[in-house]
Amino acid sequence: MSSSPILISNITCARRGKDLFAPISITLNDGETLILRGENGSGKSTLLRTLAGLIPSTLNTHHSSLYLGHTNALHPSLTVHEHLDFWRGLQSSRALPNSEILLMLSLREHATKHASHLSNGLKRRLAFARLLLHPAKLWLLDEPQAALDKNALHILLNLISDHASQGGISIIASHDDLSIAGAQTLTLQAATMSTKQ
Amino acid sequence: MSASLALFQREMLLAWRVRGETAAHFVFILLIITLFPFALGPDTQLLQKLAPGLLLLAILLGQMLGFERLFSGDFHNGTLDLIPCSNLPLPLYALIKSFAQWCALFLPILIFSPLFMLLLHVDLNAIAPLLLSLTLASLLVQFLGMLASALALGAKNSGLILPLLLIPFYIPVMIFAVSLAAQGFTAEGLQALYFLCALFFLYLSTLPFLSGAALRSALESL
């Protein structure tokens, strides 16, 4: 992993010609975590998708980033194992075997279930496997705690703090109070009338 | 390469998992082919004359039924979000998805189509050119469907937009395919064959890139 800080200056996101939030600047050093806050529709998801390079912008998204949206990218007819194999094939990935990933996410007893038979929380947990499969410096997580029970939330927080301890950076959009030590918080403010068209 | 293979494997596995839907295409085409002779009445010569056009029409219209689902599943469940960050370029993703759909839905039909041709009293010598024309035409239409379904992604009435987008492009494919099937490997038939091959390479070299661009713009709209 390269050890350059992530600098984002004066960025805003637009939808249908309207700025969603007042311009923001972000500086994140290795191992830092940022929690994005803001009302519904304030542009948190759009900002994350922009940072992930899914929405074109003037930012050069040269950092390898991993985006976990609020959809889990699961197909109902594929099993847990088959999802892991597919994701592994899509990208050069760490040599962590499936069994170890399932153990870390405590999904072992569900390994042969179809995604349609998983509860919402289990689906979310399976989506976290992508964080373990692909090495990326920047994690972009959109409401990762949605539908999680206490244990699963604990797993998520552990993943994030492990990532941070290895110098990784996370940007997390969340409404809840995630207890992450040393996390910065940024609240997206609605764009002022003058910047609106 | 391994990313392409992983996607192809997944698509084939999914086609097997939802084999009821996969079989529905087969049954649709089978229905048209078995019912048509009854609708026409007992005129073997007329049936023989109409058979190539009927088979083409049945397969090409059957294909249209599958296009709405080609990318919409991955688009809505978020799998498409993973592709720009993966080792798989979007044009290649579109091409593989589309080819996998053709393999799952239409390769079995093409394999069985000589049997259908016998049912329709097609002349034995005409089977080979007709089979070639069905294969090329269905591949061409698959390319067109790939672009159309990528363009219609995220549109509200994609079920309505898709056929309207596709019909004008079906026409040249139909004309040359029927000409090849009717003329066989004569000079005129070969002309049609060359034209179909030229279209194949034109579509292969352009449409995946256009589809990739359409998919990217669909992602931006999310």
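Right, let's walk through the structure included here. (Residues numbered from 1 in each chain as written. Chains lettered and ligands numbered in written order. Predicted model: local features only at pLDDT ≥ 70, side-chain atom pairs only at ≥ 80, totals over all residues. Heavy atoms only, no water.)

A contiguous nonpolar patch, built from Leu107, Ile111, Phe112, Leu115, Leu118 and Leu124 of chain B and spanning about 610 Å² of accessible area, is present on the exposed surface. Along the chain, the position of Ile111 of chain B falls in helix α7 (residues 107-119). (Patch = residues over 30% accessible without salt bridge, like charges linked within 9 Å, V, L, I, M, F, W, Y side chains within 5 Å. Areas by Shrake-Rupley, 256 points an atom, 1.4 Å probe, with all protein chains shown as cover. Salt bridge = Lys/Arg side-chain N within 4 Å of Asp/Glu carboxyl O. Helix = DSSP H or I, 4+ residues; strand = E, 2+ residues; numbered from the N terminus.)

Residue and element names in this part refer to chain B. Its 16 residues place the ends of helix α6 (residues 90-105) 22 Å apart at the C-alpha level, agreeing with the 22 Å of an ideal helix rising 1.5 Å per residue. With 12 of 16 residues buried, α6 is to be regarded as a mostly interior element. Those residues of α6 not exposed but buried are Leu90, Tyr93, Ala94, Ile96, Lys97, Ser98, Ala100, Gln101, Trp102, Cys103, Ala104 and Leu105. (Expected span 1.5 Å × (residues − 1). Buried < 20%, exposed > 50% of the residue type's maximum accessible area, 1.4 Å probe, protein only.)

Right, let's talk about the packing of helix α3 (residues 44-70) of chain B against α6 of chain B for a bit. All names here are of chain B. Interhelical geometry of α3 versus α6 gives an angle of 140° and a closest axis separation of 11 Å. Of the possible angle classes, the one that applies to α3 and α6 is oblique. Crossing angle aside, the handedness with which α3 passes α6 is right-handed. Within the contact between the two elements, α3 uses Gln63, Gly66, Phe67 and Leu70 and α6 uses Lys97, Ser98, Gln101 and Trp102. For the contact of α3 with α6, the per-class residue count stands at 3 nonpolar, 4 polar and 1 charged. (Axes fitted to C-alpha atoms, helices over the stretch in contact; angles between N-to-C directions. Parallel < 35°, antiparallel > 145°, perpendicular 65-115°, else oblique. Left-handed = near helix turned anticlockwise from the far one by under 90°. Contact = heavy atoms within 4.5 Å. Nonpolar A, V, L, I, M, F, W, Y, C, P; charged D, E, K, R; others polar.)

This brings us to unusual backbone geometry. For residues other than glycine, phi is negative in most cases, and the peptide bonds are mostly trans. Residues and elements named next belong to chain A. Its identity as a non-glycine residue notwithstanding, Ala73 has a phi of 60°, on the positive side. Relative to the assigned elements, Ala73 resides in the loop between β6 (65-68) and α2 (80-90). The residue Ser106 is not glycine, and still its phi comes out positive at about 40°. Note that Ser106 resides in the loop between α3 (98-104) and α4 (120-133). Residue classification places Ser106 among the partly exposed positions, given a relative accessible area of 35%.

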